[in-house]
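If you want the building blocks of each chain, they are given just below.
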Amino acid sequence: MARRHLIIGGGTAGMNAMRTIREEEREPSEITLVSAEKPYSRMVLPYYLDRSIAESHVFTASAALLAQWKVKAHLGRRVTALDVKTNVCTLDDGTKVEYDDCLIATGSAPVRAPVPGADGRNVHSFWTLDECRGVIASIAPGSHVVMVGAGFISFTILNSILALGAKLTIVEVAPRILPRMVDAAGAEVVESWLEAHGVAIRTDVKVTKIEDAKGKKRLKFAAGADLVCDVVIMATGIKTNLDWLKGAGVQIDRGVVVDDHLRSNVPNVYAAGDVAEGRDLVSGQPALHAIEPTAQEHGRVVGANMAGKDVAYKGSLIVNIVEVCHLDAASFGAWDDAKAEAVSGLKRDRAAYRKLLFSGDRLTGAIIIGRSGDVWTTNDVGMLKGLVQTGVSLGRFKDHLKAHPFDVKTAYIASGTTGALLPETVLGRPSKAPGETPVAV
Amino acid sequence: MKVLKITPERCTGCLRCEIACSYMQVGAFQPAKSVIRVSPFEGHTSYAPYTCTQCAEGWCMTACPVGAITINAAGAKDVLDDRCVGCKLCTIACPYGTVFYDPSTRKAFKCNLCGGDPACAHACPTAAIEYEDVPTADWLHDFARERASHVLATNGGGR
Ligand SMILES: Cc1cc2nc3c(=O)[nH]c(=O)nc-3n(C[C@H](O)[C@H](O)[C@H](O)COP(=O)(O)OP(=O)(O)OC[C@H]3O[C@@H](n4cnc5c(N)ncnc54)[C@H](O)[C@@H]3O)c2cc1C
Ligand code: SF4
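Numbering of residues begins from 1 in every chain and follows the order in which that chain's sequence is written. To label them, take the chains in the order written and letter them from A, then take the ligands in the order written and number them from 1. Local features are withheld for residues below a pLDDT of 70 in this predicted model, meaning they are given only at 70 or higher, and side-chain atom pairs are given and counted only at 80 or more; totals for whole chains, interfaces and linings count all residues. Side-chain metrics rest on all non-hydrogen atoms present in the structure, leaving aside hydrogens and water.

K.L.:
For this particular structure, what's the right way to read the environment of R429 of chain A?
P.N.:
Residue and element names in this part refer to chain A. Working definition: helices are DSSP H or I runs of at least four residues, strands are E runs of at least two. Numbering for both runs from the N terminus. Mapped onto the secondary structure, R429 falls in the segment after α11 (417–421). The buried label applies to any residue whose accessible area, calculated with a 1.4 Å probe on protein chains only, is under 20% of its type's maximum; exposed applies above 50%, and partly exposed to all values in between. Judged by its relative accessible area of 16%, R429 is buried. For the pair R429 and L281, spaced 148 residues apart in the sequence, the C-alpha separation amounts to 20 Å. Should any heavy atoms of two residues lie within 4.5 Å, those residues are considered in contact. Other than its neighbours up to four places away in sequence, R429 contacts T20, E23 and E24.

So, in structure tokens, the structure goes:
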């Protein structure tokens, strides 16, 4: 009998897993997908928000593609229970699905600050396609939008909100913006850039209440003046979609605890993406990364292992990049390691900032901020990622980088980073192009 | 597969490759739009061109959330402009620093081997860039290591 794979969640990790199963398998298998939403890419939603792409562009699999991959799809359905003893999962309509192995890839959901009015009219989260549609319907040119939370997700939609002709105010409870993406010095560069581009920012303020005020919204704070606006977007954090799995016997810490094959404590149950607590490449420690590249790599490794390959995963590297008003901000690896040896460089007039962190003569983390029009910003973004990813020994070039944090290329090339990277692949073979997946018959 | 074979010792720093590349890629003689980039070494006494290796993993391709990077007939990873949304994930996923972003088009761009007839190799007058059927390699490592002593000594990095 053909092996029966069950994929729970058709987001980034689930889609990558299904594609890789079809790429790798020797014998045809059955794939069943259960997903609360149709497969689409969340990180593309900001480009739909300002209508620079059509809604159809966000979807990662059409019904035709799923049929071509011979996936039996239950879309719009949630898994409510998993019985790991009998290998059966139950859907919210009572349907039971039997499996031989299963992937948990249910991603995250947004969490709103627990204040009165947080669930009121014209208060939105921005995580799902439905929420994106809600925000689109509520913003008109000239609207005043208040974003609660100055984290990565707020910043991914900042350009789109401005492009819609809205006026934007960002409020943040922490003393500074982007607390989980750049350090304080970097945050200052981004903050003054945004203020110069007409974005109002209030840090160190705690929202206590959101009220309706004659068709508008009024935000009250623990201290300071009220804010009156048209639309509130809450980007105050996320949590893993794992409540349905509690008590099933799958070990959950911050996420589903997985080994280097992305297997949980139950050998035929895998986890990938936002919900998987796998190995961090730099620290070697278990970590939860809610980022797209981790979901992609996890998904591909699980797919290969489900198809019968034996693929061990080296670990995921934290990489973040966001562009706001033509300023790029990016960070990698252990950028916030307070104990690491670090050097930073600032060119205030060009809004350029670098921070490099070392362990011995290896780069373990970096922050880079610069104007997106500056050719060297994109160049160095990739090279810094390569240095952290390979952990090449920098030797004498460490001192060079410390003296000249803006001259990355010399150290990169002269340390043989390219040579260290060339043999590296995630699945132990060259990757296939997105459209190349063969169909099992 | 044919690759761009770089012999840095032959490069004179004339930048014809950058000019030819940008003309081929975007129709303008504008090195900023070139996807092969010449770097100086040893205080501008020697130079070397650097570009995408068309690596086996294709970090840019596997990272793209919308499948906008594919493999063209020449075997090169190629950005499909009408799919690219400009999210920059490929620029940060590429550990070689060879995927770029054009703020004027809001798209990523990179070396696509000109579809199998690379303009840089044609333009190079000293054959520092050749298009040959050889395994790809780290062409610049030894050259750069030898020619960085000046940088290290004058910039306070040497020991
Ligand atoms: C606006 C926005 C911008 C972003 N920008 C970036 C960025 O620039 N860079 C970056 O690296 N990351 C970014 N991210 C994060 C990135 O999108 C996520 O890390 C990624 O989608 C995680 O993939 P995943 O497969 O784990 O989960 P998801 O893609 O979230 O997929 C989970 C799937 O599971 C389904 N599901 C949930 N519960 C159940 C259930 N009980 N039963 C069945 N199905 C269920 C969901 O409906 C969904 O289809 C962004 C996210 C958002 C929202
Ligand atoms: S910038 Fe374009 S090509 Fe690069 S990852 Fe984003 S959508 Fe894909």
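K.L.:
Please explain the site of ligand 2 as it appears in this structure.
P.N.:
A molecule or strand has a residue near it when one of that residue's heavy atoms lies within 4 Å. Every residue near ligand 2 is listed here: C64, P65, V66, I69, C84, V85, G86, C87, K88, C90 and A108 of chain B. In the shell around ligand 2, the residues fall into nine nonpolar, one polar and one charged. Classes in brief: Ala, Val, Leu, Ile, Met, Phe, Trp, Tyr, Cys and Pro nonpolar; Asp, Glu, Lys and Arg charged; the others, Gly included, polar.

K.L.:
How do you make sense of the packing of helix α1 (residues 12–24) of chain A against helix α7 (residues 292–306) of chain A when you look at a structure like this?
P.N.:
For any two helices packed against each other, one specifies the crossing angle of their axes together with the interaxial distance. All names here are of chain A. Axis separation between α1 and α7 bottoms out at 7 Å; the angle between their running directions is 35°. Pair α1 / α7 crosses with right-handed handedness. Where α1 abuts α7, its residues T12, A13, N16, A17, T20, I21 and E24 lie against E292, A295, Q296, G299, R300, G303, A304 and M306. For the contact of α1 with α7, the class distribution of residues is six nonpolar, six polar and three charged. Interaxial angle, 0 to 180 degrees, is taken between N-to-C directions of lines fitted to C-alpha atoms, where a helix line uses only the stretch in contact. When the near helix sits turned anticlockwise from the far one by under a right angle, the crossing is termed left-handed; a clockwise turn instead gives a right-handed crossing.

K.L.:
Please clarify how the sheet that holds strand β24 (residues 341–347) of chain A should be interpreted in this entry.
P.N.:
Two orientations exist for strands paired in a sheet by backbone hydrogen bonds: parallel and antiparallel. All names here are of chain A. The strand order β22-β23-β26-β25-β24 describes an open sheet built from five strands, whose pairing is antiparallel. At either end of the open sheet lies a strand with only one pairing partner, and these are β22 (319–324) and β24. Across the sheet, the mean angle separating the axes of adjacent strands is 10° when strand polarity is ignored. Two strands qualify as a pair provided that DSSP identifies no fewer than 2 bridges between them. In this structure, strand β25 (residues 352–359) lies alongside strand β26 (residues 362–371), joined through seven bridges in antiparallel fashion. Counterpart to L356 in the pairing with β26 is A366.

K.L.:
What is the right way to read the environment of G198 of chain A from this model?
P.N.:
Residues and elements named next belong to chain A. Topologically, G198 is positioned in the loop between α6 (184–196) and β12 (200–202). On the basis of relative accessible area, G198 is assigned to the exposed category, the value being 55%. Sequence separation between G198 and A163 is 35 residues; the distance between their C-alpha atoms is 12 Å.

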